Amino acid sequence: MGIIRLLSQLLLVCSLFWPGFAQAQVEDTEAQQLLTALADSSFAEKKAVVNRIASSGDERARGWLESFASNKLARIESSGQFIIVTDNRGRDWTVQSALTGENLGEFSRRDIDTVRVNNALRGELEDILSVIDLKSPDQSSRLTAARALKGSVDSALAERVPGLIDSEQSEPVRAALTEALAIYRVAEQGDLAAVETLSGSLNSQARAALQQAMRSDDPALVAAATKAMDSIEQKLTLNRAAETLYFGLSMGSVLVLAAIGLAITFGVMGVINMAHGELIMLGAYTTWGMQQLLPGQPGLALILSIPAGFLVAALAGVVIERTVIQYLKGRPLETLLATFGVSLILQQLVRTVVSPLNRTVITPEWMSGSVMINEALSLTLNRLYVIGFALVVFAGLMLIMRKTRLGLEVRAVTQNRAMARSMGIRATRVDILTFALGSGVAGLAGVALSQITNVGPNLGQSYIIDSFMVVVFGGVGNLWGTLLAGLTLGTINQLLEPWVGAVLAKIMVLVMIILFIQKRPRGLFPQKGRAAEG
Amino acid sequence: MWLTRPLAERSTRTFLGVLFAALVIVTVLHVFTPQDSALHVSAYTVTLLGKYLCYALLAVAVDLVWGYLGILSLGHGAFFALGGYAMGMYLMRQIGDRGTYGDPVLPDFMVFLNWQELPWYWLGFDMAWFAFAMVLLAPGLLALVFGFLAFRSRVTGVYLSIITQALTFALMLAFFRNEMGFGGNNGLTDFRDILGFNLRTDATRLGLFLATGVALAIGFVICRGIVTSKLGRVAVACRDAEARTRFLGYRVERVQLFVFVISAMLAGVAGALYVPQVGIINPSEFSPLFSIEIVVWVALGGRATLYGAVIGAVLVNYAKTVLTGVMPDAWLFALGGLFVLVTVFLPKGIAGLVFKPKKAAAPANNPDSQEATV
């Protein structure tokens, strides 16, 4: 019984597959015929064969034509089997079957007969290939092909594009095709109606076409092209401004991340922690360490590094507070010197234990790449994440300082230590926790920085002066001030950069802050009331 | 007169005596002992000691503002480097057509960068008197402008420290740029001679060493003179209770500005003497790390003693020479540890440990001083 049932099922399976199998056989003889025709016909006839292949609807047609155009379609002399050469260096060429895609190993190049192509055919092929792409059932590949067409439409293609536009279902593809066609018409034919289509386009080819039209003899065309160009320029300026703003915000959010921990330790506790930069560095190294522990899963490692980086830096902060800072209470200049010593030790520790060289931190896939807003503006994803992360960290800190018991105690101890203690607040414990919080946030900054900058022993040093500048500029003891100062400084820096270069922009910002401090020694948002005196 | 008064003090006499004894001993050992003798001091050592003396003068300058004025400058390296660059520019012009490219006017790096003519700020540096005046004027002018702005708006304490650090950082970035016309990354080097003496001969090196010693002595006496004068006592008052001094009717910002500018000029002189001895000046002298290192020399030696600064500078730099030679990795650990240990356990430095400083000279730690510094 069992055996019979098994056999019948087997039969059923075979019968199901049989027709398909037969079908493939039929197609392959057809394909073999097409390719043979291509190989054996003269150059004049080849064009027709190519068109037949293109319109055959065969999925492999694109691959054949592509390899044909690049001299890689060939036939094995002895068997007449068509192949695609994948590696044509040296005496033996690596080949695969053109029909099945199966790897056939190496053949001596003497046994291989390449299907010959000439330049006229190659030009022809390019158009045909793009038309094949434009007919592809996949919408995104149609869109890519349509975009690639901008500026590369020629007279032959221009005849086919209108038909494609009519049969196209998807709106963005149709728009791209219309634009591509309009670029051709404006540039080559000086078509007045097409100029209208191009006004507002951000494509560089469209601008080139319009510039060509502006040089023509027809005054109406020149006027229309100039008008279209103006509207494009306006749009471009807007986009460039948006891009600068984005870079500024991104740089600003990095500054905010680096400085916000300092705003807690320096601003709220009044402790100058020159080792703050090195705590950032520890956070970055934690990310690297996590990725070493979880090889192959950079994304998971990165997410786990957020709490890990916080803990490592917070722990280091507690050690620094207990061993050094607590003995230097009320002596800010000495604290500055001592913590600077700590920063040197931490730097050298990383150099000795890990390596003096930069470490590579992998950016997970979901963080790389960019979001394309339009053809002139695209936002890199990792920076977008950092901006978001900075805002989340800021909001979190704000909540802790405003809404929790710890925040209340911190503010109480800051304002009047003796009074707070007599109300039963354990000031020492508050000191430790606050310092741990500030340090932990530095660790978070390090995790974020590992995604956009080199992770090395000097990472912290390059941020410490900037961070202090942000805190001082924003007004000591004011988290909102830090946020605003960081974003402002980042944006100003980015605004200056195209004018004067990166280094000079940085110098100018520093000089600006130095001058600003003269004018408002207590920053943008000075503390008011009794807490400010001191 | 205020300059001769210190010469009557016992402590100053002791310091000058020790310094001159050291200069004489080194000279004698260098010149009159045979090369292979165990007592012989090589030309290399003489230059090394000369370098220490430059650092000592720089430390004295920092001690003047930090110890007696209460201003923790984290940017004195900038004044030092500016003095050094002024001297370096003079030495560059002295090379003349003996450079690699043989251009009689343009220094090698300008020829390399295809510059056609000398920038205006290089004019005059072929004359020694002008260059030596710039050694004093360049740092002095920077200190004057910076100090005027800062002290007028009463930026003190930690804020001042941080913006002095930003100042030297900004200057470092600026001098790294080739367009600035100071040799960019490589700085100024390949010097030939100074005032007609070949820099590579032992005699010139010894001469520079002795000149540095004399400069240190003069600088020390000037500082001591300022400190013991009435102005010096007002400065100490500013340090301990700035607001109170102001209420008593003193123009605190003028005192601060004066002392700050003098200190910057001394630092410039130290830099100018440093450059011909080490043979190079580059933007790394502007690095914030160097400036803060100077402060730890002073802290180790003992703040507000002047001679402590000299002791600290020589000790730390000797340790640096030894340690970086034996195990380079350990140096930053040692330096970092020094920062922590000195501030936590040795607030008065070696001077406070060995000698008993007079009560008035030590920085008071009363509530008023905190009010002024926080």
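The rules behind each value
- Residues numbered from 1 in each chain as written.
- Chains lettered and ligands numbered in written order.
- Predicted model: local features only at pLDDT ≥ 70, side-chain atom pairs only at ≥ 80, totals over all residues.
- Heavy atoms only, no water.
- Helix = DSSP H or I, 4+ residues; strand = E, 2+ residues; numbered from the N terminus.
- Rg over C-alpha atoms; globule rule 2.2 N^0.38 Å.
- Buried < 20%, exposed > 50% of the residue type's maximum accessible area, 1.4 Å probe, protein only.
- Contact = heavy atoms within 4.5 Å.
- Salt bridge = Lys/Arg side-chain N within 4 Å of Asp/Glu carboxyl O.
- 1 Å grid on protein atoms, 1.4 Å probe; cavity = no way out; pocket = protein on both sides within 12 Å on 5 of 7 lines; lining within 4 Å.
- Points joined across faces, edges and corners; volume = space filled by probe spheres on them.
- Nonpolar A, V, L, I, M, F, W, Y, C, P; charged D, E, K, R; others polar.
- Pairing = 2+ DSSP bridges.
- Axes fitted to C-alpha atoms, helices over the stretch in contact; angles between N-to-C directions.
- Disulfide = S-S within 2.5 Å.
- Expected span 1.5 Å × (residues − 1).
- pLDDT = per-residue confidence, 0-100.
- Patch = residues over 30% accessible without salt bridge, like charges linked within 9 Å, V, L, I, M, F, W, Y side chains within 5 Å.
- Areas by Shrake-Rupley, 256 points an atom, 1.4 Å probe, with all protein chains shown as cover.
- Core = buried A, V, L, I, M, F, W, Y, C linked by side-chain atoms within 4.5 Å.
- Parallel < 35°, antiparallel > 145°, perpendicular 65-115°, else oblique.
- Left-handed = near helix turned anticlockwise from the far one by under 90°.
- Phe/Tyr/Trp six-rings, centres within 6.5 Å; stacked < 30°, edge-to-face > 60°.

1. A closer look at the overall build of chain A
(1) Moving on: When its secondary structure is counted, chain A shows 20 helices and seven strands.
(2) Moving on: For 534 residues, the compact-globule estimate of 2.2 N^0.38 gives 24 Å, and chain A exceeds it by more than 25% at 34 Å.
(3) Moving on: Relative to its full complement of 534 residues, chain A shows a buried share of 46%.
(4) Moving on: Considering only intrachain contacts with a sequence separation of at least 6, the fraction spanning at least 24 residues in chain A is 64%.

2. A word on the side chain of A:Ser41
(1) Moving on: For A:Ser41, the position within the fold is in the loop between helix H1 (2–40) and helix H2 (43–55).
(2) Moving on: Residues in contact with A:Ser41, not counting those within four places in the same chain, are A:Lys46 and A:Val49.

3. Quick notes on the pattern of salt bridges
(1) Moving on: Enumeration according to the criterion identifies 14 salt bridges over all chains in this entry.
(2) Moving on: Across the salt bridge formed by B:Asp240 and B:Arg239, the nearest N and O atoms sit 3.0 Å from each other. Exposure class is identical for B:Asp240 and B:Arg239. Each is buried.
(3) Moving on: Overlapping salt bridges bring together A:Lys329, A:Arg417 and A:Asp431 as one network.

4. A look at the side chain of A:His276
(1) Moving on: Inspection of the secondary structure assignment puts A:His276 in helix H11 (residues 276–293).
(2) Moving on: The contact partners of A:His276, leaving out residues within four places of it in the chain, are A:Ala258, A:Gly261, A:Leu262, A:Gly438, A:Ala442 and A:Ile464.

5. Concerning empty space enclosed by the protein
Residue and element names in this part refer to chain A.
(1) Moving on: The tally for this structure, following the rule as stated, stands at three cavities of 30 Å³ or more.
(2) Moving on: Counted as a void, the largest cavity has a volume near 100 Å³.
(3) Moving on: Lining the largest cavity are Met251, Leu255, Asp466, Met469, Val470, Leu489, Asn493, Lys506, Val509, Leu510 and Ile513.
(4) Moving on: Listing elements by their share of the lining of the largest cavity, those giving two or more residues are helix H10 (219–268), helix H18 (461–474), helix H19 (479–500) and helix H20 (502–519).
(5) Moving on: Of the residues belonging to the lining of the largest cavity, the class tally is eight nonpolar, one polar and two charged.

6. Section: the sheet that holds strand S5 (residues 112–114) of chain A
Residues and elements named next belong to chain A.
(1) Moving on: The strand order S4-S3-S2-S1-S5 describes an open sheet built from five strands, whose pairing is antiparallel. Each edge of the sheet is formed by a strand with only one pairing partner; in this case those strands are strand S4 (103–108) and S5. This sheet shows a mean twist of 45 degrees between the axes of neighbouring strands, independent of strand direction.
(2) Moving on: Sheet analysis places strand S2 (residues 82–87) next to strand S3 (residues 92–97), joined by four bridges and oriented antiparallel. Paired with Ile84 across the strands is Gln96, a residue of S3.

7. Quick notes on the state of the cysteines
Residue and element names in this part refer to chain B.
(1) Moving on: On inspection of all chains with the given rule, the structure shows zero disulfides over all chains.
(2) Moving on: The structure places no disulfide on Cys223, whose sulfur is separated from the nearest cysteine sulfur, that of Cys54, by 15 Å.
(3) Moving on: Judged by its relative accessible area of 0%, Cys223 is buried.

8. Structural notes on helix H1 (residues 10–32) of chain B
(1) Moving on: When the terminal C-alpha atoms of H1(B) are compared, their 32 Å separation across 23 residues agrees well with the 33 Å that a helix rising 1.5 Å per residue should span.
(2) Moving on: Considered for burial, the residues of H1(B) that qualify are B:Thr12, B:Phe15, B:Leu16, B:Leu19, B:Leu23, B:Val26, B:Thr27 and B:His30.

9. What about the pairing of S3(A)?
All names here are of chain A.
(1) Moving on: Covered by surrounding structure in S3 are Trp93, Val95 and Ser97 only, the residues Asp92, Thr94 and Gln96 on the alternate face being uncovered.
(2) Moving on: If you look at the hairpin formed by S2 and S3, you'll find four residues sitting between the two strands, and Gly90 has a positive phi there, around 80 degrees.
(3) Moving on: Alignment of S3 against S4, held across five bridges, turns out to be antiparallel. If you follow Trp93 over to S4, its bridge partner there is Phe107.
(4) Moving on: In textbook terms, the turn of a hairpin is the stretch between consecutive antiparallel strands, and for S3 and S4 this stretch comprises five residues, one of which, Gly101, has a positive phi near 80 degrees.

10. A look at the confidence of the model for chain B
Residue and element names in this part refer to chain B.
(1) Moving on: Averaged over all residues, the pLDDT of chain B is 89; the fraction at 70 or higher stands at 94%.
(2) Moving on: Every residue in residues 364–374 is under pLDDT 50, and counting partners more than four places away or in other chains gives 21 contacts.
(3) Moving on: Scored as a complex, the prediction yields pTM 0.77 and ipTM 0.84.

11. Observations concerning the pairing of S2(A)
(1) Moving on: Bridging between strand S1 (residues 73–76) of chain A and S2(A) involves three bridges; their strand directions are antiparallel. When the sheet's bridge partners are listed, A:Leu73 is paired in S2(A) with A:Ile84.

12. Points about a nonpolar patch on the surface
(1) Moving on: A surface patch of nonpolar side chains, amounting to about 390 Å² of accessible area, comprises B:Val24, B:Val28, B:Val31 and B:Phe32.
(2) Moving on: Locating B:Val28 in the fold gives a position in helix H1.

13. With respect to the nonpolar core
The nonpolar side chains of a soluble globular protein tend to be buried with one another.
(1) Moving on: Among the nonpolar cores identified, the biggest contains 209 residues, and A:Phe266, A:Leu479, B:Trp122, B:Leu188, B:Leu216, B:Phe286 and B:Trp297 are the most heavily contacted of them.
(2) Moving on: Per-element tally for this core: the top contributor is helix H2 (residues 43–69) of chain B, with 16 residues.
(3) Moving on: Once residues lying within four places of it in the same chain are set aside, the contact partners of B:Phe286 are B:Ala78, B:Ala81, B:Leu82, B:Tyr85, B:Thr168, B:Phe169, B:Leu171, B:Met172 and B:Phe175.
(4) Moving on: Core analysis: the second largest hydrophobic core is formed by 25 residues, A:Ile53, A:Ala61, A:Ile84 and A:Leu99 among them.

14. Describing unusual backbone geometry
Residues and elements named next belong to chain B.
(1) Moving on: The backbone of Asp190 shows a phi angle near 65 degrees, a positive value even though the residue is not glycine.
(2) Moving on: Relative to the assigned elements, Asp190 resides in the loop between strand S1 (188–189) and strand S2 (193–194).
(3) Moving on: Its identity as a non-glycine residue notwithstanding, Leu306 has a phi of 70 degrees, on the positive side.

15. Some points on the packing of H10(A) against helix H14 (residues 381–403) of chain A
Residues and elements named next belong to chain A.
(1) Moving on: Close contact between H10 and H14 brings their axes to 8 Å; oriented N to C, the two are set at 30 degrees. Relative to H14, the element H10 lies roughly parallel. Classified by chirality, the crossing of H14 by H10 is left-handed. Residues Tyr246, Leu249, Ser250, Ser253, Val254, Leu257, Ile260, Ile264 and Val268 of H10 form the contact with H14, whose participating residues are Arg383, Leu384, Val386, Ile387, Phe389, Ala390, Val393, Phe394, Leu397 and Met401.
(2) Moving on: Of the residues in the contact of H10 with H14, the class split is 16 nonpolar, two polar and one charged.

16. Structural notes on the packing of H18(A) against H19(A)
Residue and element names in this part refer to chain A.
(1) Moving on: At a minimum axis distance of 8 Å, the contact between H18 and H19 shows a crossing angle of 120 degrees. One element, H18, and the other, H19, form an angle in the oblique class. Here H18 runs over H19; the crossing is right-handed. Across the interface between the two elements, Val470, Phe473 and Gly474 of H18 pack against Gly481, Thr482, Ala485, Gly486, Thr488 and Leu489 of H19.
(2) Moving on: Its residues assigned to classes, the contact of H18 with H19 comprises four nonpolar, five polar and no charged.

17. Things to note about the packing of aromatic side chains
All names here are of chain B.
(1) Moving on: Tallying each qualifying case throughout the model produces 30 aromatic pairs over all chains.
(2) Moving on: With 6.0 Å between their ring centres and 20 degrees between their planes, Tyr85 and Phe286 make a pair best called stacked. Separated by 201 residues along the polypeptide, Tyr85 in helix H3 (residues 76–95) and Phe286 in the loop between strand S4 (280–281) and helix H11 (288–301) bring together distant segments of the chain. Phe286 shares its class with Tyr85; the two are buried.
(3) Moving on: Geometrically, the ring pair formed by Trp120 and Tyr121 is edge-to-face, given 5.2 Å between the ring centres and 85 degrees between the ring planes.
(4) Moving on: Through a chain of ring-to-ring contacts, the aromatic side chains of Tyr85, Phe109, Trp120, Tyr121, Trp122, Phe175, Phe182 and Phe286 assemble into a single cluster.

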